[in-house]
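Each chain, letter by letter, is given below.
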Amino acid sequence: AQGFDAGMKDVLVKGLTGKTTYHYRFLVDNDRLAGRTRTAPAASADVQVNLAWVSCQDYTAGHYAAYRQMILDDEARPEADRLHAVIFLGDMIYETRADGFQSAIDDNFQPIALTNRDGKPRTIGAFPSGGGTRGTSTFANTLADYRHLYKAFLSDPDLQAARARWPFVAVWDDHEFTDDCWQSQANYTRDG
């Protein structure tokens, strides 16, 4: 998978057996990603399907301990009651770096400095393009900026463990694009 960042290649896997757990591994340069997924049962099968749903996660607003708890709860269930997939109902990322966000809400708001498990501050680094700015917000402005956000958000170890355990079915909401967007209206710029 050379040139992974330059352009991802879609892989279509065929011939899988229904209602079967498969393990996978991706190797890109020195990065490794392993996990599992489960294929759906036959369309005619009369089986129970167990789903969980999550939404609206902000990397700088907190740790993703809910994912760790979901895993622990799932491991404690009988096999028939374990989750088959997680439905993500939008806002997997937020398009801003939250610069000045707290003061824009309330001048008396005291932000909580969060740290990762390694003790480093939980922040999102500057956008590769420098981002766009409007007021106190610095927002993603290019494809590289959005990839930068996904890399930061997906670096959380609890989220990684959950994504390795279950397939995620992602539904996009506004923050994957721009806050409160509608049709051709973007919130940070007047561009279509």
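Going by the structure above, here's the rest.
Residues numbered from 1 in each chain as written. Predicted model: local features only at pLDDT ≥ 70, side-chain atom pairs only at ≥ 80, totals over all residues. Heavy atoms only, no water.

Peer 1: Which parts of the structure should I look at to understand helix H3 (residues 143-153)?
Peer 2: Residues separated by three or four positions in an α-helix point in the same direction, a consequence of the helix having 3.6 residues per turn. Listed as buried for H3 are Asp145, Tyr146, Leu149, Ala152 and Phe153. Buried positions in H3, seen along its axis, are confined to an arc of 120° and lie on one side of it. Turned more than 90 degrees away from the buried face of H3, the exposed residues are Leu143 and Lys151. Residues of H3 that are buried make contact with strand E6 (137-139) and helix H4 (157-165). (Buried < 20%, exposed > 50% of the residue type's maximum accessible area, 1.4 Å probe, protein only. Helix = DSSP H or I, 4+ residues; strand = E, 2+ residues; numbered from the N terminus. Arc of directions from axis to C-beta. Contact = heavy atoms within 4.5 Å.)

Peer 1: Help me understand the packing of helix H1 (residues 65-76) against H4, please; the structure alone is not making it clear to me.
Peer 2: Between two packed helices, what matters for the description is the angle formed by their axes and the separation of those axes. Between H1 and H4, the least distance of the axes is 7 Å, while the angle of their chain directions is 40°. As the angle between them shows, H1 and H4 are arranged oblique. Of the two possible hands of crossing, H1 and H4 adopt the one that is left-handed. Where H1 approaches H4, its residues Ala65, Tyr67, Arg68, Ile71, Asp74 and Glu75 are matched on the opposing element by Pro157, Asp158, Leu159, Ala161, Ala162 and Arg165. Taken together, the residues of the contact of H1 with H4 sort by class into 7 nonpolar, no polar and 5 charged. (Axes fitted to C-alpha atoms, helices over the stretch in contact; angles between N-to-C directions. Parallel < 35°, antiparallel > 145°, perpendicular 65-115°, else oblique. Left-handed = near helix turned anticlockwise from the far one by under 90°. Nonpolar A, V, L, I, M, F, W, Y, C, P; charged D, E, K, R; others polar.)

Peer 1: How should the side chain of Asp174 be read in this particular structure?
Peer 2: On the secondary structure map, Asp174 appears in the segment after strand E7 (168-170). Judged by its relative accessible area of 13%, Asp174 is buried. Apart from residues no more than four positions distant in its own chain, Asp174 is found in contact with Asp91, Asp179, Asp180 and Cys181.

Peer 1: Sorry if this is basic, but what is going on with the nonpolar core here?
Peer 2: Generally speaking, a soluble globular protein has its nonpolar side chains buried in company with each other. Counting residues in each nonpolar core, the largest one holds 24 residues, and the members touching the most others are Tyr67, Met70, Val86, Leu149, Phe153, Trp166 and Phe168. Elements represented by at least two residues in this core include exactly strand E3 (51-54), H1, strand E4 (85-88), H3 and H4. Among the elements that make up this core, the one with the highest residue count is H3 (4 residues). When residues no more than four places from it in sequence are discounted, the contact partners of Tyr67 are Val54, Gln57, Phe88, Asp158, Leu159, Ala162 and Phe168. (Core = buried A, V, L, I, M, F, W, Y, C linked by side-chain atoms within 4.5 Å.)

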